[in-house]
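Report on the structure
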Amino acid sequence: MIVVTGATGNIGRTLVPLLTAAGEDVAAVSRGLRPAEPAGAEPVGVESTGAEHAGADEDVRRARAAGRVRHVQADVGDATTLRPVLDGADALFVLLGGELNSHGESPHALPAAAADAGVKRIVLLSSQGSATRPDAPSHTRLRAFEAAVRAAGPDFTILRPGAFASNAFAWAESVRTRRTVHAPFGDVALPVIDPADIAEVAAAALREGGHAGRTYELTGPEAISPREQVAVLSAALGEEVAFAALTREEARARMTHFMPEEVADGTLDILGAPLPSEQRVSPDVRDVLGRPARPFAQWVARNLPAFR
């Protein structure tokens, strides 16, 4: 059995059906919603809508009917609620909610509980910034979780994605109602990663050999700026979508409504003044999956109903 935390988010709702389609039994963990229902907030900077997950939701329903998925209400930030779920599990996927990136119980609690339960493999979703910005307060907790997973005992794989393509969901309402995108740093390009690619890499690391002790940096196939992303949206919709620049301060005021201040500051540092290592295209998606990472245009095509 594989335990998937964050099962209602952009990654989990793709990961669960990938695992069940491969014949795995899955305990899908969330704090409240069932994996086949509309999701709320995902990890830092990621917005979720039902548009991306219609097919995945149907796959989860079929897997649940076949007895391959059971939904478990538990809190990844409270290891005591997860201990009963971990009994009998072979592998664990750890996705931290946004608030856990700034506070919460000891990062050692969950990996230690997994080790005590006999879990053989842990895959942790971390962040590229944990490596590229080792002194940034915004990534202190993620670095601590990485260290805890490495020290816990089970085999581990750490995933460090860069910026998510699905951050564009934050523009969905203004695109639908006003055909306008409001964003900072319009001409700063980053190789955004499709969450579906993250889910596929996670599935491989959870199921296959050869990934123990590895750290994968996950990016899209090319750097693309917010202004260029808007052009892709315009082309897909067949209508012009305007780009309206936000200042850093305006963007920060919006972001702190749904993420801690230090995380917002660290995110804006990356979005506005990325290091060369943060703009580099990583080969790791291709190396793990045997194919290139999906481009932003492919993510848009799959999620276009959210913007119509």
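Presented here is a report on the structure given in the accompanying data block. (Residues numbered from 1 in each chain as written. Predicted model: local features only at pLDDT ≥ 70, side-chain atom pairs only at ≥ 80, totals over all residues. Heavy atoms only, no water.)

With respect to the pattern of salt bridges
Per the stated rule, a full pass over the model turns up 17 salt bridges. Between Arg252 and Glu261 there is a salt bridge whose closest N-O contact spans 3.5 Å. Taking relative accessible area as the criterion, Glu261 reaches 48% and is therefore assigned partly exposed. Assessed through its relative accessible area of 27%, Arg252 is described here as partly exposed. Shared partners join several salt bridges into a network, and the residues in it are Asp197, Glu200, Arg291 and Arg294. (Salt bridge = Lys/Arg side-chain N within 4 Å of Asp/Glu carboxyl O. Buried < 20%, exposed > 50% of the residue type's maximum accessible area, 1.4 Å probe, protein only.)

Overview of the environment of Ala223
Tracing the sequence through the fold places Ala223 in the loop between β8 (214-218) and α9 (226-237). Sequence separation between Ala223 and Arg280 is 57 residues, and the spatial gap between their C-alpha atoms is 7.7 Å. (Helix = DSSP H or I, 4+ residues; strand = E, 2+ residues; numbered from the N terminus.)

Observations concerning the packing of α9 against helix α14 (residues 296-303)
At a closest axis distance of 10 Å, the pairing of α9 and α14 adopts a crossing angle of 45 degrees. In terms of orientation, α9 and α14 fall into the oblique class. Crossing handedness for the pair α9 and α14: right-handed. Mapping the contact onto sequence places Gln229, Val232, Leu233 and Ala236 in α9 and Phe296, Ala297 and Val300 in α14. Each residue belonging to the contact of α9 with α14 can be placed in one class, and the counts come to 6 nonpolar, 1 polar and no charged. (Axes fitted to C-alpha atoms, helices over the stretch in contact; angles between N-to-C directions. Parallel < 35°, antiparallel > 145°, perpendicular 65-115°, else oblique. Left-handed = near helix turned anticlockwise from the far one by under 90°. Contact = heavy atoms within 4.5 Å. Nonpolar A, V, L, I, M, F, W, Y, C, P; charged D, E, K, R; others polar.)

Some points on the sheet that holds strand β5 (residues 121-125)
Pairing between sheet strands relies on hydrogen bonds along the backbone, with the strands arranged either parallel or antiparallel. Spatially, 7 strands are ordered β3-β2-β1-β4-β5-β6-β8 in an open sheet, and the strand pairing comes out parallel. A strand with exactly one partner marks an edge of an open sheet, and here the two such strands are β3 (69-73) and β8. Each neighbouring strand pair of the sheet contributes to a mean axis angle of 15 degrees, computed without reference to strand direction. Bridge analysis of strand β1 (residues 2-4) against strand β2 (residues 26-30) gives 3 bridges, and the strand direction is parallel. (Pairing = 2+ DSSP bridges.)

Re the packing of aromatic side chains
Taken as a whole, this structure holds 4 aromatic pairs when the rule is applied. Arranged with centres 6.2 Å apart and planes meeting at 10 degrees, the rings of Phe169 and Phe307 form a pair that is stacked. Separated by 138 residues along the polypeptide, Phe169 in the loop between β6 (155-161) and α7 (172-178) and Phe307 in the segment after α14 bring together distant segments of the chain. A relative accessible area of 5% places Phe169 in the buried class. (Phe/Tyr/Trp six-rings, centres within 6.5 Å; stacked < 30°, edge-to-face > 60°.)

Re unusual backbone geometry
One non-glycine residue, Arg179, lies in positive phi territory at about 50 degrees. Checked against the element boundaries, Arg179 lands in the loop between α7 and β7 (180-183).

Re helix α4 (residues 109-116)
Turning to α4, its buried residues are Ala109, Leu110, Pro111, Ala113 and Ala114. Its buried side turned inward, α4 meets α3 (79-86), β4 (91-94), β5 and α6 (140-152). Downstream of α4 by one or two residues, Gly118 has phi in the positive range, about 90 degrees.

With respect to the side chain of Ser126
Tracing the sequence through the fold places Ser126 in the loop between β5 and α5 (129-132). Judged by its relative accessible area of 7%, Ser126 falls in the buried class. Polar contacts involving the side chain of Ser126 include one to the side chain of Ser130, which spans 3.2 Å. Apart from residues no more than four positions distant in its own chain, Ser126 is found in contact with Leu142, Glu146, Ile158, Leu159, Arg160 and Pro161. (Polar contact = N/O pair within 3.5 Å; in protein donor to acceptor, adjacent residues only side chain to side chain.)

It is worth stressing that arrangement in space is one thing and function is another; only the former is reported here.
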